[in-house]
Amino acid sequence: MSYEEMRDEYDRTLENFPADLPFPEGVNPRPPLESQIVTDPETTDLFQVGSGEVQAYIYWECVWMTQALEAGGDRERLDAAVDMLESALDSKFHRLYYEDPGRMWELEVLGGARKGDLSSMKDFAVGCHVDSR
């Protein structure tokens, strides 16, 4: 699948994105994916079917991790972001694509954030680039 086909799949995924997994106000849900994908968009057959869907969910997680990391001392904002990240644990994305037999994401990353320790989340968010409007 080419970059353009992957991008179309990404956009179709967002059109049908679960209502219970919203993006925060002021965040563009359709960022330029070139900033997230280190590859030549002109090359064909770079992506497998499902890559656009995975990118959409990864970007959604990046957005909410960024919200949590930028919360500073605002506990309400941090908890709201972690609530959203936790709500995706039962999503199609996690069921189909996320392998975490030790539940590190849930216990260490999200659990740590609940306790105010964002160090593991920072490690996960290293490659995140969030596009605000």
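Q: Would you mind going over the nonpolar core with me for this structure?
A: As a rule of thumb, soluble globular proteins bury nonpolar side chains together. Counting 32 residues, the largest nonpolar core has Phe-17, Phe-23, Trp-60, Met-65, Leu-85 and Met-121 as the members making the most contacts within it. Of all elements in the fold, only helix H1 (3-15), helix H2 (51-69), helix H3 (75-87) and helix H5 (104-114) reach the threshold of two or more residues within this core. If we ignore the near neighbours within four places in the chain, the residues touching Met-65 are Leu-85, Trp-105, Met-121, Phe-124, Ala-125 and Cys-128.

Q: Please explain the pattern of salt bridges as it appears in this structure.
A: Where charged atoms from two side chains of opposite charge approach closely, those side chains can pair. Considering all chains together, one arrives at 7 salt bridges under this definition. In this structure, Arg-114 engages Glu-86 in a salt bridge whose closest nitrogen and oxygen atoms are separated by 2.8 Å. Of this pair, Arg-114 sits in helix H5 while Glu-86 sits in helix H3, and the two are 28 residues apart along the sequence. As a salt-bridge pair, Arg-103 and Glu-106 come within 3.1 Å of each other at their nearest N and O atoms.

Q: What am I meant to see in the packing of aromatic side chains here?
A: Each aromatic ring pair is characterised by the separation of its centres together with the angle its planes make. Tallied over the entire structure, the rule returns 6 aromatic pairs. By the ring-pair criterion, three or more aromatic residues cluster together here, those being Phe-17, Phe-23, Tyr-57 and Tyr-59.

Q: Got a minute to help me understand the state of the cysteines in this structure?
A: Note on terminology: disulfide describes a covalent bond linking the sulfur atoms of two cysteines. What the rule picks out here adds up to 1 disulfide. Each disulfide pairs two cysteine sulfurs, and for Cys-62 the partner residue is Cys-128, the sulfurs being separated by 2.1 Å. Disulfide Cys-62-Cys-128: torsion about the S-S bond near -70°, hence left-handed. Of this pair, Cys-62 sits in helix H2 while Cys-128 is found in the segment after helix H6 (119-124), placing the two residues 66 residues apart along the sequence. In this pair, the class of Cys-62 matches that of Cys-128, namely buried.

Definitions and limits used
Residues numbered from 1 in each chain as written. Predicted model: local features only at pLDDT ≥ 70, side-chain atom pairs only at ≥ 80, totals over all residues. Heavy atoms only, no water. Core = buried A, V, L, I, M, F, W, Y, C linked by side-chain atoms within 4.5 Å. Buried < 20%, exposed > 50% of the residue type's maximum accessible area, 1.4 Å probe, protein only. Helix = DSSP H or I, 4+ residues; strand = E, 2+ residues; numbered from the N terminus. Contact = heavy atoms within 4.5 Å. Salt bridge = Lys/Arg side-chain N within 4 Å of Asp/Glu carboxyl O. Phe/Tyr/Trp six-rings, centres within 6.5 Å; stacked < 30°, edge-to-face > 60°. Disulfide = S-S within 2.5 Å.

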